[in-house]
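Architecture and fold: a report
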Amino acid sequence: MLASTASRWLHTARLGIGEHYRIIQSNPLSRIGFRLIVVFLVIAAFAPWIAPHDPWEMVYDKDGQFASLRPPSWEFPLGTTHLGYDLFSQLVLAARTTLVIGAVSGIISILIGANIGLIAGYYGGKVDEVLMRLTDILYGMPFLPFIIVLIALFGRKLEFVILAIVLIIWRTSARVIRAQTISIKQRQFILAAKARGASDLRIIYRHILPNVLPLLLLYAAFNIAWSIITEASASFLGFGDGETISWGGMLYELWLSGKTRVAWWWFAAPSICIVLLVTSLVFVSRAYEEVANPRLRKR
Amino acid sequence: MTKVTTADEFVLQVRGLGVRYQTSQGTVHAVSDVSFEVRKNEVFGIAGESGCGKSTLIRALLRLLPDNADSAAELALYRDQDLYGLSDADFRQNILWQEISLVPQSAMNSLNPVYRVGDQVVEAIRTHRRVSKAEARGRVAELFDVVGLQADLMQSFPHEFSGGMRQRAMIAMSLALDPGLIIMDEPTTGLDVLVQERILRRIREIRSEISSSIILITHDIAVIAEMSDRIAIMYGGQFMEQANAIDLFENPYHPYTLGLKNAFPSIRELGSELISIPGSPPTLVGPVTNCPFQPRCPFHLDRCASENPLPINFGEDHQVRCFRSEDANQLRHLAAEKSTWRSLN
């Protein structure tokens, strides 16, 4: 039973890839976004081979001079920090952390949000009441105090940063998916499926889920973008993982160095990357938004 | 019609079935005290106007009622299984579709838009039978052939089908597991007359090929007269009259049946004016203390407003809920006059 469900899922997923590609290509903005994401993914995947230096290696220029606070040049394309770290290498290696955090917390949060939304929306009544009040409580939870407490309790670890992000962002997707589930479960074909003897789980995951999928993918893209921004803010405030380098972490080090007014290049590179990646994700999500809400389509 | 019926000739036996909805306006008695049986190989028609409880009745039998409804019956047997005695899981696995299948109301919207039509039938089969996908697909091809759809249409999505094709796909699906009983809820509503006729012809052809009994629900007297062996006329959540089809139309007893007969055009009396029944169906809030048809009945007595008549048997196979059923001959004459019905306004 489980195996057959799994194989069906794979089957659906395999059929889906071409369709997803078509959706993304259908919109010029999302086409640009998609290409940028691919570029970032390639950079992240080959980061150790692309980066000329170790992120925390003090570099010297070809004259043997210690390269501290150098503006961008042929030798150091994005300049260096006051401690002589090569910013290009840092940026490339940080792309990996940022993408991993974005993808992992984005996906985990959409999985939690979608399941809670589907279950609350489908069963309704007490189940709905309990799950939605839980969501409301999370809505009342401010992010920064939450992550400060979490980091204070468990230490500055990547896992806890992800955990904090996930716990905060699943709430919106849960609410939206729940609303859509409530609308779809009223449709005639759900009653027809029940009459065929389909179990609750089959109805939720076989019959309702595919119908909320465009909305779910839209929120998955939002969640990934939001996770990246959140991780950057958390790192910038010093709540990131101290041992891995991320774009937010680079900005934090700039802040600590006190060179913000001098080293514009140090500020520029990670900020532009954050903005580009998040914008790309939002562009891609636009294409899914058009699927979920056809009125946005250009006529 | 002197055939002796024994218990094992019944596919479905229902006694005293009632359904109540709890609403903000109070308790709605959507179905009360309904008793009937469906015999092997017969088409049992249930006719009545919108809101009379037809769909609620079959939803109760299939356990598809919404949460604010509850149903109970003195007896509800499918063959020899007590429908109310089974656990939900047992009912879902062994009765639903396997034994009793449904062609839902507005079957046109009953296919999931994101799956291929054939896959949906395959799913219905594989929910209940341990067969391979290929075997199930073979069965779907057979079924499509039975309802007159080409086998390669299995690969289509529901939006690529016309209304009539979707309807036929739903009928194919209902036949998938050779159920003992197929419930068709308004199978032709929303289709144009030609497609309607084609679907009905198809159902008739299928009947001769399969051994399932059919419960046919419709508000269309013409359809029910054409298709059914026995007919129940439903009003205000009750069966007002039930009889075999010929008897019901030749010797109707109940004023509501008489009124319904008037409201449909007759081929033999071209040009005759249709007479409608004035008023609208009752709301069914609160306990049933009167005959539900009393406010619209031109023949009502004083006691009709304070007492609900119990079913009375006329002959072997004819039941009527009316205090004036003894006066049927007189009522039949009066009911044919337009003035009888107008006097109520």
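Preceding block: the structure.
So, a few notes on the structure that sits alongside this text. (Residues numbered from 1 in each chain as written. Chains lettered and ligands numbered in written order. Predicted model: local features only at pLDDT ≥ 70, side-chain atom pairs only at ≥ 80, totals over all residues.)

**Things to note about the overall build of chain A**
Heads up, the condition is: Every helix listed is a DSSP run of H or I at least four residues long, and every strand listed is a run of E at least two residues long, numbered separately from the N terminus. Our exposure labels follow a C-beta count within 10 Å of each residue's own C-beta, placed from the backbone: buried means 20 or more other C-beta atoms, exposed means 12 or fewer, and partly exposed covers the counts in between. Any pair of residues counts as being in contact when their C-beta atoms, constructed from backbone geometry, are within 7 Å of one another.
Of the regular secondary structure elements, chain A holds eleven helices and zero strands. Projecting the C-alpha coordinates of chain A onto the three principal axes gives extents of approximately 80 × 45 × 40 Å. When the 299 residues of chain A are sorted by exposure, 44% land in the buried category. Restricting the contact set of chain A to residue pairs at least 6 apart, pairs at least 24 apart contribute 70%.

**Some thoughts on the overall build of chain B**
Counting its regular elements, chain B contains eleven helices and 13 strands. Each principal axis of the C-alpha distribution contributes one length, and for chain B these read about 65 × 50 × 45 Å. Here chain B, with 345 residues, has 44% of them falling under the buried criterion.

**Some details on the interface of chain B and chain A**
The interface is formed by 18 residues belonging to chain B together with 15 residues belonging to chain A. For the side of chain B that touches chain A, the elements supplying multiple residues, two or more each, are helix H2 (88-95) and helix H3 (117-128) of chain B.

**Re the environment of B:Ser156**
Residue and element names in this part refer to chain B. Secondary-structure assignment places Ser-156 in the loop between helix H4 (133-147) and helix H5 (163-175). The exposure class assigned to Ser-156 is partly exposed, which follows from the 16 C-beta atoms found within 10 Å. The sequence separation of Ser-156 and Gly-118 amounts to 38 residues, and the corresponding C-alpha distance is 7.6 Å. Those residues in contact with Ser-156 that lie beyond four places of it in its chain are Arg-116, Val-117 and Phe-161.

**Focus: the sheet that holds strand E3 (residues 43-47) of chain B**
Residue and element names in this part refer to chain B. Put simply, the test is: Strand pairing is defined by DSSP finding a minimum of two bridges between the two strands. Axis definition: a line fit to C-alpha positions, over the contact stretch in the case of helices; interaxial angles, taken between N-to-C directions, run 0 to 180 degrees.
With mixed pairing, the eight strands of this open sheet are ordered in space as E7-E8-E9-E3-E10-E11-E13-E12. Of all strands in the sheet, those bounded by a partner on one side alone are strand E7 (100-103) and strand E12 (312-313). One ladder, built from six bridges, connects strand E10 (residues 230-235) with strand E11 (residues 238-244); its direction is antiparallel. By the bridge assignment for E11, Ile-233 is matched with Glu-241. Lying on the sheet, helix H9 (residues 255-262) is in contact with E10 and E11; it crosses E10 at an angle near 100°.

**Focus: the nonpolar core**
This is how it is decided: Definition of nonpolar core: a set of buried Ala, Val, Leu, Ile, Met, Phe, Trp, Tyr and Cys residues joined via C-beta atoms within 7 Å.
In this structure, A:Leu216, A:Ala221, B:Val121, B:Ala172, B:Ile215, B:Ile233 and B:Met234 are the most contacted members of the largest nonpolar core, which totals 171 residues. Of the residues forming this core, the biggest block, 19 residues, is contributed by helix H9 (residues 200-236) of chain A.

**Thoughts on helix H10 (residues 247-257) of chain A**
Residue and element names in this part refer to chain A. A large share of H10 lies buried, amounting to eight of its eleven residues. Considered for burial, the residues of H10 that qualify are Trp-247, Gly-248, Gly-249, Met-250, Leu-251, Tyr-252, Glu-253 and Leu-254. Backbone geometry just after H10 places Gly-258 at a positive phi near 75°.

**Comments concerning the pairing of strand E8 (residues 181-185) of chain B**
Residue and element names in this part refer to chain B. The element E8 is extensively covered by neighbouring structure, given that five of its five residues are classed as buried. Neither face of E8 is left uncovered, since the one carrying Leu-181, Ile-183 and Asp-185 and the one carrying Ile-182 and Met-184 both have all their residues buried. Direction of pairing for E7 relative to E8: parallel, over a ladder of four bridges. Across the sheet, Ser-101 pairs through a bridge with Ile-182, a residue of E8.

**Some details on the environment of B:Trp341**
Residue and element names in this part refer to chain B. Its place among the elements puts Trp-341 in helix H11 (residues 338-342). Given 22 C-beta atoms within a 10 Å radius, Trp-341 is considered buried. Separated by 66 residues in sequence, Trp-341 and Ile-275 place their C-alpha atoms 7.7 Å apart. Contacts of Trp-341, omitting those with residues within four sequence positions, involve Gly-259, Ile-275, Ile-277, Pro-278 and Pro-298.

**Considerations on the packing of H4(B) against H5(B)**
Residues and elements named next belong to chain B. Worth spelling out the cut-off: Roughly parallel means an angle under 35 degrees; roughly antiparallel means over 145; roughly perpendicular covers 65 to 115; every other angle is labelled oblique. For a crossing to be left-handed, the near helix must be turned anticlockwise from the far one by less than a right angle; the clockwise case is right-handed.
Put simply, H4 and H5 touch, their axes get as near as 9 Å, and they point 125° apart. As the angle between them shows, H4 and H5 are arranged oblique. Both H4 and H5 take part in a crossing whose hand is right-handed. For the pair H4 and H5, the contacting residues are Leu-143, Phe-144, Val-146 and Val-147 in the first and Arg-168, Ile-171, Ala-172 and Leu-175 in the second.

**Brief notes about the packing of H9(A) against H10(A)**
Residues and elements named next belong to chain A. The interhelical angle for the contact between H9 and H10, taken along N-to-C directions, is 25°, at an axis separation of 7 Å. Here H9 lies roughly parallel to H10, going by the angle between them. Handedness of the crossing formed by H9 with H10: right-handed. Contacts from Glu-231, Ala-232, Ser-233, Ala-234, Ser-235 and Phe-236 in H9 reach Trp-247, Gly-248, Gly-249, Leu-251, Tyr-252 and Trp-255 in H10.

**Notes on unusual backbone geometry**
Residue and element names in this part refer to chain B. Within the chain, Arg-63 stands out as a residue other than glycine whose phi angle is a positive 55°. When you line up the elements, Arg-63 lands in the loop between helix H1 (54-61) and strand E4 (69-72). Using a count of 17 C-beta atoms within 10 Å as the deciding quantity, one classes Arg-63 as partly exposed. For Glu-186, which is not glycine, the phi torsion reads 50° and is therefore positive. Here Glu-186 is to be found in the loop between E8 and helix H6 (193-209).

**Quick look at the environment of A:Leu277**
Residue and element names in this part refer to chain A. Checked against the element boundaries, Leu-277 lands in helix H11 (residues 264-292). For Leu-277, a count of 25 C-beta atoms within 10 Å puts it in the buried group. In this structure, the C-alpha to C-alpha distance between Leu-277 and Leu-36, residues 241 residues apart in sequence, is 7.3 Å. Setting aside residues no more than four positions away along its own chain, Leu-277 makes contact with Phe-40 and Ile-228.

**Describing the pairing of strand E5 (residues 75-78) of chain B**
Residue and element names in this part refer to chain B. Side-chain alternation along E5 places Ala-76 and Tyr-78 on a buried face and Leu-75 and Leu-77 on a face that remains uncovered. Of the strand pairs in this sheet, strand E1 (residues 10-23) and E5 are connected by four bridges, and their pairing is antiparallel. Note on E5: the bridge partner recorded for Val-14 is Ala-76. With two bridges connecting them, E5 and strand E6 (residues 81-82) associate as antiparallel partners. Bridging across to E6, Tyr-78 finds its partner in Gln-81. Counted along the chain from E5 to the antiparallel partner E6, the turn is two residues long, and its residue Arg-79 has a positive phi close to 50°.

Keep in mind that these numbers describe shape and distance, not what the molecule does.
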